[in-house]
Amino acid sequence: MKHYPINLNLLNKKVAIIGGGKVAERKLLNLLETGAVITVVSPEVTEKIVEVVEEGLVKWKRGKFSKGDIGEAFLVIAATNCKQVNCEVYNCCQDHQLVNLVDDPTRSNFIVPSTLHRGKLMLSVSTSGASPGLSKKIAKELATQFDSSYEEYVEFLSQCRLKVLEQIEDREKRRRIFQQLLDPTFLELTKQHNFSQRQKLFADLLE
Ligand SMILES: C[C@@]1(CC(=O)O)C2=NC(=C\c3[nH]c(c(CCC(=O)O)c3CC(=O)O)Cc3[nH]c(c(CC(=O)O)c3CCC(=O)O)/C=C3\N/C(=C\2)[C@@H](CCC(=O)O)[C@]3(C)CC(=O)O)/[C@H]1CCC(=O)O
Ligand SMILES: NC(=O)c1ccc[n+]([C@@H]2O[C@H](COP(=O)([O-])OP(=O)(O)OC[C@H]3O[C@@H](n4cnc5c(N)ncnc54)[C@H](O)[C@@H]3O)[C@@H](O)[C@H]2O)c1
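Just so you know, these numbers come straight off a predicted model, no measurement behind them.

Undergrad: Describe the packing of aromatic side chains, naming the residues involved and giving the relevant values.
TA: One pass over the full model with this rule turns up four aromatic pairs. Considering the side-chain rings of Phe156 and Phe202, the 6.3 Å spacing of their centres and the 80° angle between planes classify their relative orientation as edge-to-face. One end of the pair, Phe156, is in helix H5 (residues 149-167); the other, Phe202, is in helix H8 (residues 195-206), with 46 residues separating them in the sequence. For the pair shown, Phe156 and Phe202 are each scored as buried. Each member of the aromatic cluster is reached from another via a ring pair, and the members are Phe146, Tyr150 and Tyr153.

What follows is the structure, encoded as structure tokens:
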């Protein structure tokens, strides 16, 4: 069996995190910028979770898990330190709900990769649960190759792509320009902050 990788759009989707310890905190912090409506259910939570609750970014339902906590959630993370509770969370979920048990990758219907963000560029690494530590290590290694200049570079490519789609009707010409835009020169010019030359070369492509 192989996992199927996807990038979820969680805007306004309900997310329930059961448990408020170190693992719940990590999952929560990576969910914050998705626009999901997040509730943490746990008798106790970490200081960092208290902080984001106080900032109004997530809700904290103080107490032990009960079935009603996941009723309408689109995505559920069972992150308590009690296997039995995580298992109960799983049993309360319906087939169509996305559920991650932090201590049971086989039952989970999704697992979380290690992810490097460079603006719109996301590099996600997974070992299908074999070694989360290795996923983290590889993502760290990728961080050197794909340095912070990729944020600006991908933004540039994104803007160019919109212009090409708007201005060029011929599909073959579009395809050619998209290919030429991947020439390393554009990345080099981005790294050198030589935006005027970069713009000129792009304008030449549109001719
Ligand atoms: C990538 C990352 C994403 C994230 O969580 O955000 C993530 N785990 C991370 C770190 C990490 N996790 C663990 C260690 C200690 C070293 C070790 O045990 O190897 C470290 C390293 C550290 O903390 O430094 C222990 C651990 N993890 C799982 C179990 C249970 C089990 O395997 O049964 C246990 C044993 C617990 C115990 O001992 O009881 C399970 C899972 N962990 C996954 C993801 C999924 C598979 C990912 C993949 O396919 O590679 C999966 C299957 C489910 C899930 O959680 O979605 C995040 C790095 C984030 C970053 O990049 O910073
Ligand atoms: N998937 C991963 O990446 C990963 C990494 C390390 C550990 N783990 C697993 O995750 C588990 C949790 O690790 P942790 O370090 O966050 O533990 P932790 O002890 O820091 O936190 C456990 C949390 O669960 C809460 N909790 C306990 N019973 C509850 C209940 N009935 N209802 C709601 N909340 C309840 C506690 O209040 C606490 O906030 C570990 O037992 C381990 O098996 C997973």
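Structure's up, so let's keep going.
Undergrad: Before we move on, can you summarise the side chain of Thr80 with the specific residues and values?
TA: Along the chain, Thr80 turns up in the loop between strand E4 (75-78) and helix H3 (83-92). Within the local environment of Thr80, its side chain forms a polar contact with the backbone nitrogen of Cys82, the two atoms lying 3.1 Å apart. One polar contact links Thr80 to Asn86, side chain to side chain, over a distance of 2.8 Å. If sequence neighbours within four positions are ignored, Thr80 has contacts with Ile18, Gly19, Val85, Asn86 and Val102.

Undergrad: Describe in detail H3, supporting the description with residues and values.
TA: Restricting attention to buried positions, one finds in H3 the residues Asn86, Val89 and Cys92. Projected down its long axis, H3 shows its buried positions confined to an angular sector of 120°, all on one face. In H3, the exposed positions angled more than 90 degrees off the buried face are occupied by Lys83, Gln84 and Asn91. For H3, the elements touching its buried residues are strand E1 (14-18), E4 and strand E5 (98-101).

Rules used throughout
Residues numbered from 1 in each chain as written. Chains lettered and ligands numbered in written order. Predicted model: local features only at pLDDT ≥ 70, side-chain atom pairs only at ≥ 80, totals over all residues. Heavy atoms only, no water. Phe/Tyr/Trp six-rings, centres within 6.5 Å; stacked < 30°, edge-to-face > 60°. Helix = DSSP H or I, 4+ residues; strand = E, 2+ residues; numbered from the N terminus. Buried < 20%, exposed > 50% of the residue type's maximum accessible area, 1.4 Å probe, protein only. Polar contact = N/O pair within 3.5 Å; in protein donor to acceptor, adjacent residues only side chain to side chain. Contact = heavy atoms within 4.5 Å. Arc of directions from axis to C-beta.

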